[in-house]
Amino acid sequence: MNYLVHIAIMIEIYIMLALSLNLVLGFGGLMSLCHAAFYGIGAYATTLFMLHFHVSFLPAVAFSLAFTAVIAFLLSFPALRFRGDPFVLVTLGFQIIIYAILYNWISLTRGPYGIPGIPRPEIFGFQITSIKEYFVLASVFLVIIFIFLIPIYNSPYGLTLKALREDEIAAESLGKSAFRSFLTAFVLAGALASIPGSLYATYVTYIDPTSFTIDESIFQLTILLVGGSGNLKGPVAGAIFMVVLPEALRFLGLPSSIAPNVRQIIYGLLLIVFMFFRPQGFLGEYKVR
Amino acid sequence: MMNDGLMIKGLSKSFNGFFAVKEVTAIFLPGRISALIGPNGAGKTTLFHLITGELKPDKGKIIYKGDDITGLPPWKIAKKKIGRLFQDVRIFKNMTVLENVVCSLFSSKEESLFFSFYPKKRRVMDIAFEKAKDLLSLVGLRKEENRRAGELSFGQQKLLAIARLLALGAQVLLLDEPTAGLSVSMRERLLELLKRIVAEDNKKIIVVVEHNMSVVLNIAHWVYFMNEGKISFFGRADHVLGAKEVRELYLGLSA
């Protein structure tokens, strides 16, 4: 039972990540490879606020959100000078740099040793300890993110981002500032990615930089590519599929020595198959170029 | 009258020493359809790029309604109600026909992220959708409103792009080869629409780049003939098309 609840929590965390990445990729059409970096900044910021400044959980989440937003804001200026492949490469650069900082700034992050003993969240005096309580907490955050995103997805702002995704030159010729819309999308996406980061850190109570690598960024991108982007259901479907798949593969009875490798190969194959047969993902509304 | 127009003064643009547009001076007046004609590579599309801010001129000024708009970014020029139909149309293919029109109807403030949470957003959007439907009726695409725009025929896409310009509230419509690639019936529909737009609002300025001379004679009040980056003739359509140089250089007729 706890195993299933654990999977449900991971699904929720990845839905949050996919929904936030969707603002940049699904709406703006910008393929960002540094989403795991924002996720990691959120996780580390929350941890450090809680451990060093003895801030309780909710304020720590809020501070991390603001901190990640500031980082995303600063990064957006160099990144948004580019589109297409160069944008992908610039965000890849950010991902590498932020990972290197988490890994090497040992006095702050303990680097490869990671940070153990992260306190469990305490909300209004209620200590969250059991995995089921944690599931409820993650669900509450997920619902809040949904309530926050629905009006954005269905707004002039959402339509503007879609128009820019479709054809930036045409959209600008109709009075839309690409820079302004992309800037807000990039900052919002980065900031929102910090929330699952906060939840992850306090859920597993131990973080190290290997959870926030380029592989993780690619995994999050894969969720959107498989589930489909540009709407709300695609990221949800993708997150469920991509989290459940490796668990389901465990029951194939592969020898444990090759199981992880087979899983990696299946991920790779899946991406290729999707590009061939369903480039817009399960439920997406446009093909990622 | 002069103050309402779009004025171009001594505009030049060169690429690696080659003048695509050289010392072009022209004025486009409200209530008129003007045509830019000339051989390929004469600088007509470049002139459009300069007016809409896709390119920055090396020299010269663009004045609209008395404001200097030279060198503004494209989206700011669009906010001045100067709209453009691209040669390759550039509709938003993965959005519905209705969405294509709707998204040109919002102000900068309404397009901001924070407006998503304003209580009056719903009403603003409802009004925009109604208005977009009216515009689709005007261009004759009302029946297609829920189709993916990429599924429309090329001619319908041009009509949609014009509806989008009207949604923007464009007072100046710069149309790059609006009738190219259209069937005869679609071309007639589009020309009727253009005439109607100017007839209903005599503040509007339409400039077309056009290669079809019967179209030019049909709709244009005023014609500029461009060759090698310069305007070498201008005047009433029949006069320009009758000029010796135009006939030789462009129409391939002997005078």
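Our structure's up above, just so we're on the same page.
Rules used throughout
- Residues numbered from 1 in each chain as written.
- Chains lettered and ligands numbered in written order.
- Predicted model: local features only at pLDDT ≥ 70, side-chain atom pairs only at ≥ 80, totals over all residues.
- Helix = DSSP H or I, 4+ residues; strand = E, 2+ residues; numbered from the N terminus.
- Rg over C-alpha atoms; globule rule 2.2 N^0.38 Å.
- Buried ≥ 20, exposed ≤ 12 C-beta atoms within 10 Å, placed from the backbone.
- Contact = placed C-beta atoms within 7 Å.
- Pairing = 2+ DSSP bridges.
- Axes fitted to C-alpha atoms, helices over the stretch in contact; angles between N-to-C directions.
- Nonpolar A, V, L, I, M, F, W, Y, C, P; charged D, E, K, R; others polar.
- Parallel < 35°, antiparallel > 145°, perpendicular 65-115°, else oblique.
- Left-handed = near helix turned anticlockwise from the far one by under 90°.

Trainee: Outline the overall build of chain A, supporting the account with residue identities and numerical values.
Mentor: Helix and strand counts for chain A stand at 12 helices and 2 strands. Reading the secondary structure of chain A in the N-to-C direction produces α-α-α-α-α-β-β-α-α-α-α-α-α-α. Here chain A has a C-alpha radius of gyration of 19 Å; the compact-globule value for 289 residues is 19 Å, and the two agree. Principal axes of the C-alpha set define a box for chain A whose edges measure 55 × 45 × 35 Å. Looking at chain A residue by residue over its 289 residues, the buried ones come to 47%. If you take every contact in chain A between residues at least 6 apart in sequence, the share linking residues at least 24 apart comes to 75%.

Trainee: Hey, could you go over the overall build of chain B for me, with residue numbers and the actual values?
Mentor: Helix and strand counts for chain B stand at 9 helices and 10 strands. Computed over the C-alpha atoms, the radius of gyration of chain B is 19 Å, within 12% of the 18 Å expected from 2.2 N^0.38 for a compact globule of 255 residues. Considered along the principal axes of its C-alpha atoms, chain B spans approximately 65 × 40 × 35 Å. Relative to its 255 residues, chain B shows a buried fraction of 46%.

Trainee: Talk me through helix 7 (residues 156–166) of chain A; I want residue IDs and the actual numbers.
Mentor: Most of helix 7 of chain A is tucked away, with 11 of its 11 residues classed as buried. Of all the residues in helix 7 of chain A, the buried ones are Pro156(A), Tyr157(A), Gly158(A), Leu159(A), Thr160(A), Leu161(A), Lys162(A), Ala163(A), Leu164(A), Arg165(A) and Glu166(A). Against helix 1 (2–27), helix 6 (131–153), helix 8 (168–173) and helix 9 (178–204) of chain A together with helix 3 (97–102) and helix 4 (121–139) of chain B lie the buried residues of helix 7 of chain A.

Trainee: Tell me about the sheet that holds strand 5 (residues 67–68) of chain B, and name the residues and values.
Mentor: Read across the open sheet, the 4 strands follow the order 2-1-4-5 (chain B); overall the sheet is antiparallel. Both outer strands of the open sheet, strand 2 (18–28) and strand 5 of chain B, are each paired with one neighbouring strand and no more.

Trainee: So what's going on with the sheet that holds strand 8 (residues 205–209) of chain B? Residues and values would help.
Mentor: Residues and elements named next belong to chain B. The strand order 6-7-8-3-9-10 describes an open sheet built from 6 strands, whose pairing is mixed. A strand with exactly one partner marks an edge of an open sheet, and here the two such strands are strand 6 (82–85) and strand 10 (230–235). For this sheet, the mean inter-axis angle between neighbouring strands, taken without regard to orientation, is 20 degrees.

Trainee: Run through the interface of chain B and chain A, naming residues and quoting values.
Mentor: Listed as interface residues are 28 residues of chain B and, on the opposing side, 23 residues of chain A. A total of 4 residues in the side of chain B that touches chain A trace back to one element, the largest contributor, which is helix 2 (residues 74–79) of chain B. Residues that form the side of chain B that touches chain A fall into these classes: 14 nonpolar, 5 polar and 9 charged.

Trainee: Give me the lowdown on the packing of helix 10 (residues 214–227) of chain A against helix 12 (residues 259–277) of chain A, citing residues and values where you can.
Mentor: All names here are of chain A. Packing of helix 10 against helix 12 leaves a shortest axis separation of 10 Å and a crossing angle of 40 degrees. The orientation of helix 10 with respect to helix 12, classified from their angle, is oblique. Here the hand of the crossing between helix 10 and helix 12 comes out left-handed. Two secondary-structure elements touch here, helix 10 through Thr-222, Leu-225 and Val-226 and helix 12 through Tyr-267, Leu-270, Leu-271 and Phe-274. The class makeup of the residues in the contact of helix 10 with helix 12 is 6 nonpolar, 1 polar and no charged.

Trainee: Tell me about the environment of Lys56(B), and name the residues and values.
Mentor: Residues and elements named next belong to chain B. Positionally, Lys-56 belongs in the loop between helix 1 (44–52) and strand 4 (59–64). Of the residues examined, Lys-56 has 12 C-beta atoms within 10 Å and is grouped as exposed. The spatial distance from the C-alpha of Lys-56 to the C-alpha of Gly-31 is 27 Å, given a sequence separation of 25 residues.

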